[in-house]
Amino acid sequence: MPEVHQHIENCDVPWAMICTKWFICLFIDVLPTETVLRIWDCLFYEGAKILHRVMITVIKQNQEKILACSRFDQIVAIFKDITANTSLMRCHEFMQSIFQEPGSLPRAQIKKLRKEAVKKLAGPEAPI
């Protein structure tokens with residue numbers, strides 16, 4: 001999904017603006033209750049990487065809608081709307097898709113990506 005990332009960046013939309021709520025409230029205010037409870041079950045069993053799987057899957061399932069937006073306000077609006085997607089209402093199917101669509105997502109990869117993101121945010125001279 002590099003094209004989605006690049007598109008969001010090109011439209012000057014900070015990722016924090018569109019997905020912080022997802023992580024801070026663990027999806028409680030944005031997804032159906034049954035889906036959230038299943039995510040939380042997986043969170044306790046698998047750890048925090050399940051949150052990345054959910055986010056990647058939601059974005060991947062709505063990639064065309066996101067790429068069709070061309071302005072800041074459209075992208076922000078689409079991220080509010082995609083959490084009402086009917087696929088999220090079918091809890092069992094959605095939970096299966098979070099393990100299929102992102103593919104392999106090892107903890108080592110997440111750790112590496114986090115380190116790269118911190119370095120990018122901190123700047124080249126910051127000690128990490």
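Quick summary incoming for the structure in this document.

Rules of the game
- Residues numbered from 1 in each chain as written.
- Predicted model: local features only at pLDDT ≥ 70, side-chain atom pairs only at ≥ 80, totals over all residues.
- Heavy atoms only, no water.
- Phe/Tyr/Trp six-rings, centres within 6.5 Å; stacked < 30°, edge-to-face > 60°.
- Helix = DSSP H or I, 4+ residues; strand = E, 2+ residues; numbered from the N terminus.
- Buried < 20%, exposed > 50% of the residue type's maximum accessible area, 1.4 Å probe, protein only.
- 1 Å grid on protein atoms, 1.4 Å probe; cavity = no way out; pocket = protein on both sides within 12 Å on 5 of 7 lines; lining within 4 Å.
- Points joined across faces, edges and corners; volume = space filled by probe spheres on them.
- Nonpolar A, V, L, I, M, F, W, Y, C, P; charged D, E, K, R; others polar.
- Core = buried A, V, L, I, M, F, W, Y, C linked by side-chain atoms within 4.5 Å.
- Contact = heavy atoms within 4.5 Å.

## Observations regarding the packing of aromatic side chains
Aromatic ring pairs are defined here through the distance separating the ring centres and the angle between the ring planes.
Alright, step 1. Under the defined criterion, the tally for this structure stands at three aromatic pairs.
Alright, step 2. Centroid distance Trp15 to Phe79: 6.2 Å. Interplanar angle 85°. Geometry classified as edge-to-face. Placement of Trp15 in helix H2 (residues 15–24) and of Phe79 in helix H6 (residues 72–81) is noted, with a sequence separation of 64 residues between them.
Alright, step 3. The class of Phe79 is buried, set by a relative accessible area of 4%.
Alright, step 4. Taken together, a centroid distance of 6.0 Å and an interplanar angle of 40° make the contact between Trp22 and Phe27 tilted.
Alright, step 5. By way of ring pairs, the aromatic residues Trp15, Trp22, Phe27 and Phe79 are connected into one cluster.

## Concerning the layout of surface pockets
Alright, step 1. Here the largest pocket is characterised by a volume of approximately 1,200 Å³.
Alright, step 2. If you go around the largest pocket, you meet 26 residues; those closest to its centre are His5, Trp15, His52, Met55 and Leu113.
Alright, step 3. Mapped by element, the contributors of at least two residues to the lining of the largest pocket are helix H1 (2–10), H2, helix H4 (49–61) and helix H9 (107–122).
Alright, step 4. Considering every element that reaches the lining of the largest pocket, the biggest residue donor is H9, with nine residues.
Alright, step 5. Lining the second largest pocket are Met17, Ile18, Cys19, Lys21, Trp22, Val30, Val76, Phe79, Lys80 and Thr83.
Alright, step 6. Of all elements in the fold, only H2 and H6 reach the threshold of two or more residues within the lining of the second largest pocket.
Alright, step 7. With five residues, the top contributor of residues to the lining of the second largest pocket is H2.
Alright, step 8. Counted by class, the lining of the second largest pocket contains seven nonpolar, one polar and two charged residues.

## Let's talk about the nonpolar core
Alright, step 1. Formed by 32 residues in total, the largest nonpolar core has its most connected members in Trp22, Phe27 and Phe79.
Alright, step 2. Contributing elements (two or more residues each) for this core: H1, H2, helix H3 (33–46), H4, H6 and helix H8 (91–100).
Alright, step 3. Not counting residues up to four positions away in its chain, the partners in contact with Trp22 are Phe27, Val30, Met55, Val58, Ile59, Phe79, Ile82 and Thr83.

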